[in-house]
Amino acid sequence: MNDLDLGPVWLTLRLAGVTVALLLLIGTPLAWWLAHTRTRVKPLIEALTALPLVLPPTVIGFYLLVLFAPAGVLGEPWLRLTGQTLTFSFSGLVLASMIYSLPFVVQPLQGAFEAVGRGPLEAAAVLGARPLDAFFSVASPLALRGYVTASVLGFAHTLGEFGVVLMVGGNIPGRTRVISIAIYEQVETLNFAQAHLLSAGLLLFSFAVLVLVYALNRRFPVHAA
Amino acid sequence: MSALAFDLTVDHGAFALRTCETLPLTGITAVMGASGSGKSTLLRALAGLEPAARGRVELGGVVLQDTAAGVCLPPHRRGIGYVFQDARLFAHRNVSGNLRYALARARPGAAAPNFDDVVAALDLAPLLGRRVGGLSGGERQRVAIARALLANPRLLLLDEPLAALDLKRKAELLPYIRQLPERFGIPLIYVSHAVEEVAQLANEVLILSAGQVVARGEVHAVLQQPEAEAVSGHFDAGVVLDGRVDGQVPEYALTEIAVAGQRMSVPRIDAAVGSPVRLRVRARDVAIALQRVEGISIRNQLAARVLRITRDSTSANAEVLLDLGQDPGGAHLRARVTREAVTTLGLAETQRVWALVKSVSFEPPQ
């Protein structure tokens, strides 16, 4: 008990944090575009974005492994640029988690932007606000709840991933051994006490996070313009 | 003052707007039309909010859009303010925050409206700290108008700002709007399908039907044209009379108005003696007598002369156009009476008659 290795916990929190931060950066323009576009390929892009929701993690993991391999489409240039492989590395895990958790960030954001609608943006424009100004001063504050939901769901979902990590990252302490992998290993080696600790910790944390989301949603109702 | 010239086409498939006008922007110009006639589309196209708009817009010598030359300024660079029917206040800011949002982005200019002046003009001081969610419809529109003014536009467009309000609130808001052009030196284009509002506010009127301008001109003239009647509906057709407050009768809550050298009394109007007022008199509220009538409750008896009688043999009604003044081309009244009455009274053109108007037939005064 007292020699419980907290390494996987810190690694998992770091992975989830970095993943969500990057996803918010990339997901915002993507969700904005999906909310406002009138292009005919919109359903195609929406389906692509939602794919990680329905695919078995092993399928995602398998294709990512193919892409990330040192001779793969992504792995080869990455290796050339950074001198490191994408497979079995923290960077590879971040990239894989971003794809795995993409819908959990993009969908709440898209929903929030659609709820805000064009009305407040037009109102901002005729008051002299440039489009980027209108986005930061009107659209994003009004979509605040979407940002909270997206961050928390993206974070919690990354915490719980297993299959993709196992396929792409393996089980390297300090680099790719996240909580879910550590639990799996403790169970395999019949260390049930440690498995309990980590599992119960993850369970309580996830529950607390979800309670927080629902509580926030009550406190800050969606702003109807 | 500046002029607005536009030659715009907006094609929305089933509906198309085609307009080419030059408006001398003084005071309040009204754009009237039934629902779906293209009023809002025209306003949105002027403001740059209608991506499908093609053509030319020029405001005070500055070209805002010229599709042929590849020029199309985005809305935030046109210097045109817009008050939406649904106010569109920012829910994440309070009233003061909404106003300061506009102030921070105001078009640079020496004559920019001052924050305190705008707040005073629209009576917003008690509301400044309030959240916008708790405001009434009339309060929301006052904030929206103030916010639009603070952006210091060269022209302010109002898209049916009173449409969502009840009669009483409408009447409360009209005086706020009427004073704006003079007080802040900003011309207004006011869109409405309500003849009462247009009659109260506008100098110049433009009537749209199915995406085209079908009538245009000075308010009294346009409101008597059949195109205006198509908007107001035949039932509510009438005329607009310009008068002056001649005195108050507090005891009976009445106001005396001098119109065309005669006197009328209407339900109380809060205005000083001598100030100009406009009365809209519906044709259906006017009766005709051959001589002055004694022992009758109707207070307004105006000496008039029959100018024209319009009869339609399929209808029970006839319309009688009456001249109120001594000078020709002065104030007119329209009376809707039965054809039978015209025949029985023997009404004929140039005949001297009395026009009877019930005081209570006037809309709740502003």
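Residues numbered from 1 in each chain as written. Chains lettered and ligands numbered in written order. Predicted model: local features only at pLDDT ≥ 70, side-chain atom pairs only at ≥ 80, totals over all residues.

**Student:** In this structure, what is going on with the overall build of chain A? I would like to understand it.
**Tutor:** A count of helices and strands for chain A gives 11 helices and zero strands. Starting at the N terminus, the α and β elements of chain A follow one another as α-α-α-α-α-α-α-α-α-α-α. Each principal axis of the C-alpha atoms in chain A carries an extent, and together these give about 65 × 45 × 30 Å. Across the 225 residues that make up chain A, the buried fraction comes to 40%. A fraction of 72% describes how many contacts in chain A between residues 6 or more apart in sequence connect residues 24 or more apart. (Helix = DSSP H or I, 4+ residues; strand = E, 2+ residues; numbered from the N terminus. Buried ≥ 20, exposed ≤ 12 C-beta atoms within 10 Å, placed from the backbone. Contact = placed C-beta atoms within 7 Å.)

**Student:** Please explain the environment of Lys42(A) as it appears in this structure.
**Tutor:** Residues and elements named next belong to chain A. Assignment of secondary structure puts Lys-42 in helix α2 (residues 42-54). Residue class for Lys-42 comes out partly exposed when judged on the 13 C-beta atoms lying within 10 Å of it. A C-alpha to C-alpha distance of 22 Å links Lys-42 and Pro-131, two positions 89 residues apart in sequence.

**Student:** Looking at this structure, how should I read the confidence of the model for chain B?
**Tutor:** Should the pLDDT be low somewhere, the predicted coordinates at that spot are not to be read in detail. Averaged over all residues, the pLDDT of chain B is 87; the fraction at 70 or higher stands at 97%. Interface scoring of the predicted complex returns ipTM 0.77; its pTM is 0.79. (pLDDT = per-residue confidence, 0-100.)

**Student:** Help me out: how do you make sense of the sheet that holds strand β12 (residues 238-249) of chain B in this one?
**Tutor:** Two orientations exist for strands paired in a sheet by backbone hydrogen bonds: parallel and antiparallel. Residue and element names in this part refer to chain B. Strand order across the open sheet formed by four strands is β14-β13-β12-β15, with antiparallel pairing between neighbours. Looking at the sheet topology across the chains shown, the edges are occupied by β14 (262-267) and β15 (276-282). Within the sheet, the average angular offset between the axes of one strand and its neighbour, ignoring direction, is 45°. (Pairing = 2+ DSSP bridges. Axes fitted to C-alpha atoms, helices over the stretch in contact; angles between N-to-C directions.)

**Student:** Help me understand the environment of Ala341(B), please; the structure alone is not making it clear to me.
**Tutor:** Residue and element names in this part refer to chain B. Considering the arrangement of structural elements, one finds Ala-341 in helix α10 (residues 339-345). Taking the C-beta count within 10 Å as the criterion, Ala-341 has 16 such neighbours and is therefore assigned partly exposed. Linking Ala-341 and Ser-136, residues 205 residues apart in sequence, is a C-alpha distance of 48 Å.

**Student:** Where do I start with the pairing of strand β13 (residues 254-259) of chain B in this structure?
**Tutor:** Within a regular beta strand, the side chains point alternately toward one face of the sheet and then the other, so they alternate between its two faces. Residue and element names in this part refer to chain B. Side chains of β13 alternate between two faces, with Thr-255, Ile-257 and Val-259 buried and Leu-254, Glu-256 and Ala-258 left unburied. The sheet contact formed by β12 and β13 spans five bridges and is antiparallel. Of the residues in β13, the one forming a bridge with Val-249 is Leu-254. Between β12 and β13, which pair antiparallel one after the other, the connecting turn spans four residues, and Ala-253 there sits at a positive phi close to 55°. Sheet topology places β13 next to β14; six bridges connect them, and they run antiparallel. When the sheet's bridge partners are listed, Thr-255 is paired in β14 with Val-266. Connecting β13 to the antiparallel partner β14 that follows it, the hairpin turn spans two residues, and Ala-260 within it adopts a positive phi of roughly 50°.

**Student:** What exactly am I supposed to notice about the nonpolar core here?
**Tutor:** One finds Ala146(B), Leu157(B) and Val205(B) to be the most contacted residues of the largest nonpolar core, which totals 157 residues. Among the elements that line this core, the one with the most residues is helix α5 (residues 90-116) of chain A, at 14 residues. If sequence neighbours within four positions are ignored, Ala146(B) has contacts with Leu99(B), Val118(B), Val119(B), Leu122(B) and Leu124(B). (Core = buried A, V, L, I, M, F, W, Y, C linked by C-beta atoms within 7 Å.)

**Student:** Can you help me understand the interface of chain A and chain B in this one?
**Tutor:** Where interface size is given, it is often the accessible area lost as the parts come together that is meant. Taken together, the contact pairs 16 residues of chain A with 19 residues of chain B. Among the secondary structure elements, those contributing two or more residues to the side of chain A that touches chain B are α6 (119-126) and α7 (131-142) of chain A. Looking at the side of chain A that touches chain B, the element that brings in the most residues is α6(A), giving six residues. A breakdown of the residues in the side of chain A that touches chain B according to their chemical character gives 11 nonpolar, three polar and two charged. (Nonpolar A, V, L, I, M, F, W, Y, C, P; charged D, E, K, R; others polar.)

**Student:** Which parts of the structure should I look at to understand the pairing of β15(B)?
**Tutor:** All names here are of chain B. Of all seven residues making up β15, five are buried, and the element is well covered by its neighbours. One ladder, built from seven bridges, connects β12 with β15; its direction is antiparallel. In the strand pairing of β15, Gly-238 is matched with Arg-282.

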